[in-house]
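Inside the fold
Single-letter residue listing:
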Amino acid sequence: MRKFYGVGIGPGDKELITLKGYNAIRSSDYVLMPKSKGKSTAGSIVSEYIEDKTIIELEFPMGEDNKQRYKKVASQIDDILGEEQQAVFLTLGDPMTYSTYMYLMLELKNYDMDIETIPGITSFGASASRLNTPLTLKDESFYLCDGEVDEEILKKVDSICILKANKHKEDIISKLEKEGFSYTYVKRCTQEEEKILYDKEEILKENDYMSLIIGRRK
Ligand SMILES: C[S@@+](CC[C@H](N)C(=O)[O-])C[C@H]1O[C@@H](n2cnc3c(N)ncnc32)[C@H](O)[C@@H]1O
């Protein structure tokens with residue numbers, strides 16, 4: 001039976017990959033990874049684990065309607081994967097959290113292969129740990145969103161994390177301040193270029209897609 005793994009490789013520190021994820025990578029014939037602007041962050045995180053593998057880089061242009069692209073890539077994977085072979089698709093953080101992998105996985109269900117998803121440490125879980133800040137104490141609720149914040153939801157929660165915060169930082173911060181939240185900007189959590197900022201003006205100067213804002217009611 002052909003096997004396809006979707007593996008969450010965590011936020012960046014290669015020690016934050018699960019043992020199960022590592023084993024899936026090591027036992028696979030092919031390593032597939034998303035590439036953006038010629039670079040693959042996932043590939044550089046696991047570089048030392050995949051030196052002897054056949055690597056296939058896949059472009060998923062951000063912000064475009066990728067439905068046709070997912071179909072095409074799924075068909076490519078079906079062509080590549082021989083009987084009894086294994087492929088692993090690397091995804092940053094957790095595969096079931098705002099990832100390209102989920103759309104690809106849904107397309108791959110149309111083909112004859114066994115699909116297994118291996119969870120990973122999310123960017124927001126890693127950031128909360130990095131900051132030693134609780135996400136949810138007993139009876140609290142947490143709001144995870146990408147890009148924009150819904151103020152009505154914000155009013156009802158105790159903590160929040162906004163992924164893909166880069167383009168909307170000003171609006172996000174003003175909503176957090178209005179609702180009485182403290183906030184922290186985390187860029188490239190657990191990676192070499194990691195940056196943690198608390199000051200609004202400094203946060204607004206940053207411009208990196210790999211960043212998030214985490215907030216807690218004061
Ligand atoms: C497509 S989503 C991927 C989310 C990922 N699957 C997860 O579980 O965290 C991309 C967004 O995740 C966040 N992100 C991923 N890795 C990060 C890291 N190491 N540090 C900060 N933010 C990160 C950023 O907000 C980025 O815009």
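See above for the structure.
Model, not experiment: these values are computed from the prediction.

1. A few points about the packing of aromatic side chains
Under the defined criterion, the tally for this structure stands at five aromatic pairs. For the pair Tyr 70 and Tyr 103, a centre-to-centre distance of 5.4 Å together with 15° between the ring planes defines the contact as stacked. On the criterion of sequence distance, the pair formed by Tyr 70 in helix H3 (residues 67-80) and Tyr 103 in helix H4 (residues 100-108) is long-range, its members being 33 residues apart. Tyr 103 sits in the partly exposed class, given a relative accessible area of 46%.

2. Some points on the environment of Leu 135
Residue position: Leu 135 is located in the loop between helix H5 (123-131) and strand E6 (142-146). Residues Leu 135 and Asp 158, spaced 23 residues apart in sequence, show a C-alpha to C-alpha distance of 8.4 Å.

3. Some points on the site of the ligand
Taken together, 18 residues are adjacent to the ligand, and Asp 94, Thr 97, Ser 123, Tyr 209 and Ser 211 come closest. Within the backbone of Asp 94, an N or O atom sits 2.8 Å from an oxygen atom of the ligand. The side chain of Ser 123 places a nitrogen or oxygen atom 2.6 Å from an oxygen atom of the ligand. In the complex, the protein chains occlude 95% of the 560 Å² of accessible area that the ligand would expose alone. Here the residues of the shell around the ligand sort into nine nonpolar, six polar and three charged. Three or more residues apiece are contributed to the shell around the ligand by two domains, here domain 1 (3-118) and domain 2 (123-217).

Conventions we followed
Residues numbered from 1 in each chain as written. Predicted model: local features only at pLDDT ≥ 70, side-chain atom pairs only at ≥ 80, totals over all residues. Heavy atoms only, no water. Phe/Tyr/Trp six-rings, centres within 6.5 Å; stacked < 30°, edge-to-face > 60°. Helix = DSSP H or I, 4+ residues; strand = E, 2+ residues; numbered from the N terminus. Buried < 20%, exposed > 50% of the residue type's maximum accessible area, 1.4 Å probe, protein only. Near = heavy atom within 4 Å. Polar contact = N/O pair within 3.5 Å; in protein donor to acceptor, adjacent residues only side chain to side chain. Areas by Shrake-Rupley, 256 points an atom, 1.4 Å probe, with all protein chains shown as cover. Nonpolar A, V, L, I, M, F, W, Y, C, P; charged D, E, K, R; others polar. Domains from an automatic or database assignment.

Honestly, that's just the spatial picture; any functional story needs more than this.
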